[in-house]
Amino acid sequence: MVLLLKDKMAAVGRLGSAAIRSFLWRRTALLSSVRCLSKDEMPGPYPRTPEEWAAAAKKYGMRVEDYQPYPDDGTGYGDYPMLPEEGAESQDPWVDWDDNWHRRNYGDVPHVHSDAYTRQRVNPSQKYVVPWKKMIAALVGFLGFNGIMLYFGEMYKHMVPVAPKQYPFNNLYLEKGGDPDKAPEEEIKNYEFPKS
Amino acid sequence: MMPRAPLERSDKMAASGKGPAMDPWRIFPEVSPEEMRAAAERQAIKGKLRAAMQQKLRDPYAVGNFEDPALQRWYYVRNHQFDNFKQTPKTSFLGLAFGVLPLAVIAWVFYTDRRKMKEDWKKGIGRNKASMINF
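Residues numbered from 1 in each chain as written. Chains lettered and ligands numbered in written order. Predicted model: local features only at pLDDT ≥ 70, side-chain atom pairs only at ≥ 80, totals over all residues. Heavy atoms only, no water.

A.B. asks: Break down the overall build of chain B for me, with residues and values.
C.D. replies: Within chain B, the regular secondary structure consists of four helices and zero strands. Secondary structure of chain B in N-to-C order comes out as α-α-α-α. Burial status across chain B gives 18% buried among its 135 residues. Considering only contacts within chain B whose residues lie at least 6 apart along the sequence, 20% involve residues at least 24 apart. Of the roughly 11000 Å² that chain B leaves accessible, carbon and sulfur atoms contribute 62%. (Helix = DSSP H or I, 4+ residues; strand = E, 2+ residues; numbered from the N terminus. Buried < 20%, exposed > 50% of the residue type's maximum accessible area, 1.4 Å probe, protein only. Contact = heavy atoms within 4.5 Å. Areas by Shrake-Rupley, 256 points an atom, 1.4 Å probe, with all protein chains shown as cover.)

As structure tokens, then:
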């Protein structure tokens, strides 16, 4: 069947509008109100009454006995819970996490400092093979010894003993432009043999 | 994940042969029943959250990504930290020690060193050899 130009353009137009319609239809998910959290679900100020305490615990999906916010001394985080300091590396790698990279499940309350406790960064709950005090003692000992030796070495310097260079031919008398008539009679000797 | 029967009845069920011979909630004898119950409650909460997530994930008519409210709350807290700021002696001290003091010290060091260098120039001494800052 021979397609005229106008038929082809009409087909292209229909395809284009269909594409735009599906593009917009998929994007309506961004506008649905189901995705927005209300003010009640967001973190708020420090809870003062037991009812606020229980509501905050329920909001974060924790038991009331487990829930403990940071102390309210001006540096706190409102009613965000204070969780034990564990890094992502400390979590069990063999558990089927929802998010295997961060070792975290959906709905888990992330630690406030979880951006510092990722697997590539600090792990506050890891155990060191060498005791901490031994490590510090080794570092301080090594650097301290270096410092002490450098300090006293700068104060009391010693050099390899050096003498001025000795040249032959009367200390190069002629080569330095000395008058041959006024040359010394005895040859200047820069050596001597031991008198055994 | 709550135990299907109260812990007291599981013994009778095991003895009569109806329930499992080994109660999974009694495997660890050193854990007290209250701790076991707390762990069961935590597991129940996690189970509900996981079920909600699975429902959103497997919905055949859903379009696009869905967010995690726990992460949204984390972002909110980290960005609205100043809402919970109070002026106390502790915060004043921290502000001075980490905000004001380093800048003041560095500025004072640089300015005095530069002043000494200019005085040396005027005297004709030349560059202050001991200065490691202004070179």
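A.B. asks: Go over helix α4 (residues 89-123) of chain B, please, and point to the residues and values.
C.D. replies: Given 3.6 residues per helical turn, the α-helix brings residues three or four places apart onto the same face. Residues and elements named next belong to chain B. The first and last C-alpha atoms of α4 sit 48 Å apart over 35 residues, in line with the 51 Å expected at 1.5 Å per residue. Taking the largest bend as the criterion, α4 deviates by roughly 40°, centred on V100, and proline P102 comes between one and four positions later. For α4, every residue scored as buried is listed here: T91, T112, D113, M117 and D120. Looking one or two residues beyond α4, the residue adopting positive phi is G124, at roughly 95°. (Expected span 1.5 Å × (residues − 1). Bend = angle between axes of the 7 residues up to and from the residue.)

A.B. asks: Give me the lowdown on the interface of chain B and chain A, citing residues and values where you can.
C.D. replies: In this assembly, 31 residues from chain B lie in contact with 37 residues from chain A. Both faces considered, chain B and chain A share a buried interface measuring about 3100 Å² in area, 53% of it formed by carbon and sulfur atoms. For chain B, the biggest contributors to the area lost against chain A are R73, W74 and N84 of chain B; these three give 21% of the whole. Joining chain B to chain A, the criterion identifies eight salt bridges. As a salt-bridge pair, R104 of chain A and D68 of chain B come within 2.5 Å of each other at their nearest N and O atoms. At the boundary of chain B and chain A, one finds 16 residue pairs in polar contact (both at pLDDT 80 or more). Elements with a contribution of two residues or more to the side of chain B that touches chain A: α2 (33-58), α3 (69-79) and α4 of chain B. (Buried area = accessible area lost by both parts, 1.4 Å probe. Salt bridge = Lys/Arg side-chain N within 4 Å of Asp/Glu carboxyl O. Polar contact = N/O pair within 3.5 Å; in protein donor to acceptor, adjacent residues only side chain to side chain.)

A.B. asks: Residues and numbers for the packing of aromatic side chains, please.
C.D. replies: Given two aromatic rings, one states the distance between the centres and the angle between the planes to describe the pair. All names here are of chain A. Taken as a whole and assessed by the stated rule, the structure comprises eleven aromatic pairs over all chains. Ring geometry for Y70 against Y77: centres 5.3 Å apart, planes inclined by 65°, an arrangement best described as edge-to-face. With a relative accessible area of 13%, Y70 lands in the buried category. Exposure remark for Y77: the relative accessible area of 10% places this residue in the buried category. (Phe/Tyr/Trp six-rings, centres within 6.5 Å; stacked < 30°, edge-to-face > 60°.)

A.B. asks: Requested: an account of the pattern of salt bridges, with residues and values cited.
C.D. replies: All names here are of chain A. In this structure the tally under the stated criterion is 14 salt bridges over all chains. D79 is the salt-bridge partner of K59, the closest N and O atoms lying 3.0 Å from each other. With K59 in helix α2 (residues 50-60) and D79 in the loop between α2 and α3 (132-155), the pair connects residues that are 20 residues apart, well separated along the chain. When sorted by exposure, K59 lands in the same class as D79, which is buried. Between E154 and K157 there is a salt bridge, with its nearest N and O atoms 3.9 Å apart. For E154, a relative accessible area of 56% puts it in the exposed group.

A.B. asks: Describe unusual backbone geometry, with residues and values.
C.D. replies: Residues and elements named next belong to chain A. Here F169, not a glycine, exhibits a phi torsion of approximately 60°, which is positive. Turning to its location among the elements, F169 is positioned in helix α4 (residues 168-172). Relative accessible area serves as the criterion here: at 57%, F169 is assigned to the exposed category. Unusually for a residue other than glycine, L172 sits at a positive phi of about 55°. Checked against the element boundaries, L172 lands in helix α4.

A.B. asks: Got a sec to walk through the side chain of D68 of chain B? Specific residues and values, please.
C.D. replies: For D68 of chain B, the location among the structural elements is in the loop between α2 and α3. The exposure class of D68 of chain B is buried, given its relative accessible area of 8%. Polar contacts involving the side chain of D68 of chain B include one to the main-chain amide nitrogen of G107 of chain A, which spans 3.3 Å. Among residues more than four places away in sequence, those in contact with D68 of chain B are R104, N105, Y106 and G107 of chain A.

A.B. asks: So what's going on with α2 of chain B? Which residues, and what values?
C.D. replies: The end-to-end C-alpha distance of α2 of chain B, which contains 26 residues, comes to 36 Å, matching closely the 38 Å that a straight helix rising 1.5 Å per residue would cover. When α2 of chain B is considered as a whole, its buried residues turn out to be M36, A38, A40 and M53 of chain B.

A.B. asks: A description of the nonpolar core should follow, citing residues and the corresponding values.
C.D. replies: In terms of nonpolar packing, the biggest core is built from 13 residues, with Y60, M62, Y67, Y77, Y80, V109 and V112 of chain A touching the most fellow members. Listing elements by their share of this core, those giving two or more residues are α2 of chain A together with α3 of chain B. The dominant element in this core, judged by the number of residues it contributes, is α2 of chain A, at three residues. (Core = buried A, V, L, I, M, F, W, Y, C linked by side-chain atoms within 4.5 Å.)

A.B. asks: Quick one: what's the story with the confidence of the model for chain B, residue by residue and with numbers?
C.D. replies: Residue and element names in this part refer to chain B. Averaged over every residue, the pLDDT of chain B is 85; residues scoring 70 or more account for 90%. Taking the mean pLDDT of every element in chain B, the minimum, 72, falls on helix α1 (residues 7-16) and the maximum, 94, on α3. Here the complex is predicted with pTM 0.66, and the ipTM for its interfaces comes to 0.71. (pLDDT = per-residue confidence, 0-100.)

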